[in-house]
Every structure is written in structure tokens, then in C-alpha cells.
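Listed below are the residues making up each chain.
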Amino acid sequence: MNSRNVEKQAVGGAPLTFAVLVFPGFPMMAFSSVIEPLRAANILAKRDCYRWVIVGADPGTVEASNGVVIQPRLLRGGRAEGRPHRGVLRWRCRPCRGR
């Protein structure tokens, strides 16, 4: 999606939806840094310009680095449903392989 399409959606079209991937030990500050600007923009615009869905690659709750527990939707097939998306699993496992 190019920046012109993003602008169109944010300004007058349907809300732009973001998937926020959480994993065990994720930093809450980074999580808030993603969600809060979107929430604030919606308040300032007095409409839903942005939406977000919190997703995880594994079923169950996910605990942040500060101990807050979140119940994300299960990321499957590139969406928040179905089988885990292979690209996400490869990306998630890359640090485990030392790459």
C-alpha cells in the first residue's frame, strides 16, 4: 500500500486497520507507542480513522515485559483466524537461529 492510499483511507474512506503482533515478553512501551497515536488520531478526527487488532502466533495469553497479560487473537493465514502464517513463524524464529 503506498502513502497516497494510506492518506485516502485515513482522511475519508474506511478505517485503516493494523495488526499488532505480540509475543512473550514484548515491551509495553513499544506496544503503547503503536496503539496510542492511532487512538489519539481517532479522538482528534472525531471518527474511526484507524483500527487495530492484537494478534499472536500462538494460542493463549501473552505476558508483556511488565507483567500485563493480553489475550490476542490467533494469527492464522495472515489474518486473525486459521493456521499460523509461515512468514510470521519464520520471522519470529529467525533470532532463535542466530540470524
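Residues numbered from 1 in each chain as written. Predicted model: local features only at pLDDT ≥ 70, side-chain atom pairs only at ≥ 80, totals over all residues. Heavy atoms only, no water.

Would you mind going over the environment of L21 in detail, with residue names and values included?
Among the structural elements, L21 can be located in strand β1 (residues 16-21). A relative accessible area of 27% means that L21 is categorised as partly exposed. Linking L21 and L74, residues 53 residues apart in sequence, is a C-alpha distance of 9.7 Å. (Helix = DSSP H or I, 4+ residues; strand = E, 2+ residues; numbered from the N terminus. Buried < 20%, exposed > 50% of the residue type's maximum accessible area, 1.4 Å probe, protein only.)

Residue-level account of unusual backbone geometry, with values.
With a phi close to 60°, K46 is a non-glycine residue in the positive phi region. With respect to the helices and strands, the residue K46 is situated in the loop between α2 (28-45) and β2 (50-56). Since its relative accessible area comes to 76%, K46 is described here as exposed.

Break down the side chain of N42 for me, citing the residues and quoting the values.
By secondary structure assignment, the location of N42 is in helix α2. Using a relative accessible area of 10% as the deciding quantity, one classes N42 as buried. Setting aside residues no more than four positions away along its own chain, N42 makes contact with R47, D48, C49, Y50 and W52. (Contact = heavy atoms within 4.5 Å.)

Pulling in residues and values, what's your account of the sheet that holds strand β5 (residues 73-74)?
In a beta sheet, neighbouring strands are held together by backbone hydrogen bonds and run either parallel or antiparallel to one another. Strand order in the open sheet formed by 3 strands is β1-β2-β5, and the pairing between neighbours is parallel. Single-partner strands in this sheet number two, and they are β1 and β5. Here β1 runs beside β2; their pairing, made up of 6 bridges, is parallel. Pairing of T17 across the sheet is with R51, part of β2. Against the sheet, α2 engages β1 and β2, with an angle of about 155° to β2. (Pairing = 2+ DSSP bridges. Axes fitted to C-alpha atoms, helices over the stretch in contact; angles between N-to-C directions.)

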